[in-house]
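Architecture and fold: a report
If you want the building blocks of each chain, they are given just below.
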Amino acid sequence: MELFSEIYGLYYLVVRKILEKANLDTLDFSDISKIINENAFSESSFFIIPNLENGEWDFFDSEKNCKLESDKFELPITNLQKSWLRAILNDRRIKIFLDRDEIEELKTKFSDIEELFDYDDFYIFDKNLGGDNFENQEYIKNFRILLDCIKEYKFLEIEYKNKNDRVTKNIYKPIKINYSEKDDKFRLIAYRVFNKKKNFVKLNISSIVSAEIKENNFLEPRKNQEDSTFIKIKLYNERNALERFMLQFAQYEKETEAFEKEYISKIYYDRADETELLIRILSFGPVLKVIEPEFFVNEIRKRLQRQMELYEIKQELL
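Residues numbered from 1 in each chain as written. Predicted model: local features only at pLDDT ≥ 70, side-chain atom pairs only at ≥ 80, totals over all residues. Heavy atoms only, no water.

1. A closer look at the nonpolar core
Counting 21 residues, the largest nonpolar core has Leu146, Ile158, Phe186 and Leu188 as the members making the most contacts within it. Mapped by element, the contributors of at least two residues to this core are α7 (137–152), β1 (155–161), β2 (167–180), β3 (185–192), β4 (200–204) and β5 (208–214). No other element matches the six residues that α7 contributes to this core. Counting residues in each nonpolar core, the second largest holds 20 residues, with Ile231, Tyr263, Phe296 and Ile300 among its members. (Core = buried A, V, L, I, M, F, W, Y, C linked by side-chain atoms within 4.5 Å. Buried < 20%, exposed > 50% of the residue type's maximum accessible area, 1.4 Å probe, protein only. Helix = DSSP H or I, 4+ residues; strand = E, 2+ residues; numbered from the N terminus.)

2. Brief notes about the packing of aromatic side chains
Summed over all chains, the structure comprises 14 aromatic pairs. Geometrically, the ring pair formed by Phe134 and Phe186 is edge-to-face, given 5.9 Å between the ring centres and 80 degrees between the ring planes. Here the residue Phe134 occupies a position in the loop between α6 (100–109) and α7, and Phe186 occupies one in strand β3, the gap between them amounting to 52 residues. Judged by its relative accessible area of 2%, Phe134 is buried. With centroids separated by 6.0 Å and ring planes inclined at 55 degrees, the aromatic side chains of Phe230 and Tyr268 adopt a geometry described as tilted. With Phe230 in strand β6 (residues 228–236) and Tyr268 in strand β8 (residues 262–270), this pair connects stretches of sequence that are 38 residues apart. The exposure class assigned to Tyr268 is partly exposed, which follows from its relative accessible area of 25%. Among the aromatic residues, ring-to-ring pairing joins Phe97, Phe134, Tyr139, Phe143, Tyr179 and Phe186 into one connected group. One Lys or Arg, Lys266, reaches over the ring of Phe230 and ends 4.2 Å from the middle of that ring. (Phe/Tyr/Trp six-rings, centres within 6.5 Å; stacked < 30°, edge-to-face > 60°. Lys NZ or Arg CZ within 6 Å of the ring centre and 35° of its normal.)

3. Section: the sheet that holds β2
The strand order across the open sheet formed by five strands is β4-β3-β2-β1-β5, and the pairing between neighbours is antiparallel. Whereas interior strands pair on both sides, the edge strands pair on one side only; in this sheet they are β4 and β5. Along the sheet, successive strands turn relative to each other by an average axial angle of 45 degrees, direction set aside. Bridging between β1 and β2 involves six bridges; their strand directions are antiparallel. Its bridge partner lying in β2, Leu156 is registered against Tyr172. Each of β1, β2, β3 and β5 is contacted by α7, which is oriented at about 35 degrees to β5, the strand it contacts most. (Pairing = 2+ DSSP bridges. Axes fitted to C-alpha atoms, helices over the stretch in contact; angles between N-to-C directions. Contact = heavy atoms within 4.5 Å.)

These results come straight from atomic positions and should not be treated as a statement about function.
Shown next as structure tokens:
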């Protein structure tokens, strides 16, 4: 199976932009050249323009008007995409997003497609066994309500059970949903509307008792500048560190530079994700070093110091 399809190459991208533009206005070849230069390599003109000019692709009539009717040209699904879709239909989390009938319909539609991978091929050795129950109907219902609210920028009234089994009720503005591979849990990042500190909170979706959409227009607090920040790390080129790093921090925005024996990366994150980020960084051991900011370096030191103290206590008991 081919891993890449030519329909996602520059030639297809540029021709699509030309056709979309042609449906809105009459183009001459100087306009086409401009589109090519803005979206592809300058030498691409030597291939694309002759094919359009000679009519080999047959997209334009003699007056240079586009023959196709649609003003939006959708890319078809490639075999690789179909194969990936067929595989994720076996993911136990898919039931959160699709109903049983939808899943069966898609499986039937892609029945002749080979699955890109098999979940039995993966062995995850450090995942928490007490993850979310993705088949629980109340969980699925709450998850979909949260997802709709994020897409539609709405507020929620949430009943939430904390670790002491105490149920609280608050108004929240959902921001995003995070998934922890290690804990096998989905969490909601939101802020409480009437929280004076205006801090972001992280709620386990499995602990949400109920979620109800509120149509009222609540006054949104300003986002604290400190809620979004970054850390800078140094990664040593050992033990396949770069590949592990890119997989572990795939969901974070990053700026990474490569040097001869090390990499320097700037990771942007929300303060609500700080504990999760800290745990992931510590899991890399000596191949990863936090350079800045100082408060994050101090948190690393505190964690390591606490681990040393616990180790010494254990040794004394032995």
